[in-house]
Amino acid sequence: SSGINAEYGVSRFCKACCLKLTEDKIYFILNDRLVCGGTTIWCEVNQSSFFDDYRIEGKDDTGAILMSVNPDNLAKSLCNTGSASSVKIKLAKKQSACLSVEIALPSPGNTETQRLVTHDVPVHLIPLSHWPEYEEPGMPEFDVSIFLPPLKRLRNVLERIKNLSNHVTVRAGWTGEMTLSIKTELVSTKTYFTDLDTPQLDSQTSNSRQNAEVTVDIKKFLLFVQSHGMGAGKAICNIVHGRALQLFLLQDNVQLQYYLPSVDTA
């Protein structure tokens, strides 16, 4: 499902993230900006993409539950559910808090009987006092917004140049042009993309600059591009000139936001 694919996508970015459960949405959140001005990830999934039956009882008025979890462990616990007749995930307290994943699978050699496989994924419940740290990130006042080229093509370019430099400069304009460039003492390359679409923006959006650019960590940018395995969808790139890259991957039931700050190449 798109929900499980979202878990795999997020697990590429981090070893631990916040899993936020609400009445109608499931969120995977990473906010390194709180610690060191790093990346931010906000992945939003409709709960119907995960569950046929879904019940939640939180402690506050919103009915939400927030916990810290290793997304790779959670994804691995669900990787062999293709033949399962049912999968149940519940928050439990055993030796410590955990997400207990119960999978009903057919018994080997006898499809009429079932065996129950249980995985307990450790979690740490996040206290209410820390919840403000995991609110949806605000939209920066970007200078240029543009749809990325096909992600498979973009991935091929980044994979070819990632061993040449740690950083890549992304430059784009409202005319639908984008370049990716690297420059070191030994090599200089530039890749051009043209005829890209630009989002329709409301009249209040400030776009006085015709072009904008920012230099970011090339491997972190590649991680976002590789996450397109979540499914077909369009990706939008917002550039805050000289400061940050904000990336969106949009599809029917999943929205992934990825914030990359600029890096100092001096």
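Model, not experiment: these values are computed from the prediction.

Asker: Give a detailed account of the sheet that holds strand β9 (residues 167-173), specifying residues and quantitative values.
Answerer: In spatial order, the strands read β11-β10-β9-β12; together these 4 strands make up an open sheet with antiparallel pairing. Two strands bound the open sheet, and with one partner strand each, they are β11 (188-193) and β12 (211-217). Pairwise comparison of adjacent strand axes, ignoring direction, gives a mean angle of 20° for this sheet. As defined by bridge partners, β9 adjoins β12 across 7 bridges and the pair is classed as antiparallel. Among the inter-strand pairings, V168 is bridged to a residue of β12, identified as V216. Lying on the sheet, helix α4 (residues 151-161) is in contact with β9, β10 (178-183) and β11; it crosses β11 at an angle near 180°.

Asker: Break down the layout of surface pockets for me, with residues and values.
Answerer: Approximately 910 Å³ is the volume attributed to the largest pocket. In terms of lining residues, the largest pocket is bounded by 33 residues, among which L21, R55, I56, I65 and L91 are the most central. Sorting the residues of the lining of the largest pocket by element identifies β1 (17-21), β2 (25-31), β4 (65-69), β5 (86-93) and β6 (97-107) as the ones contributing at least two each. If you tally residues by element for the lining of the largest pocket, the top one is β5, at 6 residues. Grouping the amino acids of the lining of the largest pocket by side-chain chemistry returns 24 nonpolar, 2 polar and 7 charged.

Asker: Account for the pattern of salt bridges, naming residues and giving values.
Answerer: Counted under the stated rule, the structure contains 6 salt bridges. As a salt-bridge pair, R55 and D53 come within 3.4 Å of each other at their nearest N and O atoms. For D53, a relative accessible area of 53% puts it in the exposed group. Among the ionic pairs, E213 bridges to R171, the shortest N-O distance being 3.0 Å. In this pair, E213 sits in strand β12 while R171 sits in strand β9, placing the two residues 42 residues apart along the sequence. Under the relative-accessibility criterion, E213 is labelled partly exposed at 30%.

Asker: Give me the lowdown on unusual backbone geometry, citing residues and values where you can.
Answerer: The backbone phi angle of D195 is positive, close to 60°, even though this residue is not glycine. Along the chain, the position of D195 falls in the loop between β11 and β12. You can call D195 exposed: its relative accessible area is 72%.

Asker: Give me the lowdown on the environment of V157, citing residues and values where you can.
Answerer: Here V157 lies in helix α4. Note on V157: relative accessible area 5%, which makes it buried. The residues contacting V157, other than those within four sequence positions of it, are L180, T191 and F193.

Asker: Talk me through the nonpolar core; I want residue IDs and the actual numbers.
Answerer: Counting 66 residues, the largest nonpolar core has F221, F224 and L245 as its most contacted members. The residues touching F221, leaving out its near neighbours within four places in the chain, are L154, L158, V168, V170, L180, V216, L245, L247 and L260. Core analysis: the second largest hydrophobic core is formed by 9 residues, Y27, I29, W42 and L66 among them.

Asker: Describe empty space enclosed by the protein, listing the residues and the values that go with them.
Answerer: Enumeration over the complete set of coordinates arrives at 1 cavity of 30 Å³ or more. Of the pockets and cavities examined, the largest cavity occupies roughly 50 Å³. Surrounding the largest cavity, 10 residues form its lining, T40, P137, Q246, Q257 and Y259 being those nearest its centre. Among the elements of the structure, β3 (40-46) and β15 (254-261) are those that each provide at least two residues to the lining of the largest cavity. Residues of the lining of the largest cavity, tallied by class, amount to 5 nonpolar, 4 polar and 1 charged.

Reading the values: the criteria
Residues numbered from 1 in each chain as written. Predicted model: local features only at pLDDT ≥ 70, side-chain atom pairs only at ≥ 80, totals over all residues. Heavy atoms only, no water. Pairing = 2+ DSSP bridges. Helix = DSSP H or I, 4+ residues; strand = E, 2+ residues; numbered from the N terminus. Axes fitted to C-alpha atoms, helices over the stretch in contact; angles between N-to-C directions. Contact = heavy atoms within 4.5 Å. 1 Å grid on protein atoms, 1.4 Å probe; cavity = no way out; pocket = protein on both sides within 12 Å on 5 of 7 lines; lining within 4 Å. Points joined across faces, edges and corners; volume = space filled by probe spheres on them. Nonpolar A, V, L, I, M, F, W, Y, C, P; charged D, E, K, R; others polar. Salt bridge = Lys/Arg side-chain N within 4 Å of Asp/Glu carboxyl O. Buried < 20%, exposed > 50% of the residue type's maximum accessible area, 1.4 Å probe, protein only. Core = buried A, V, L, I, M, F, W, Y, C linked by side-chain atoms within 4.5 Å.

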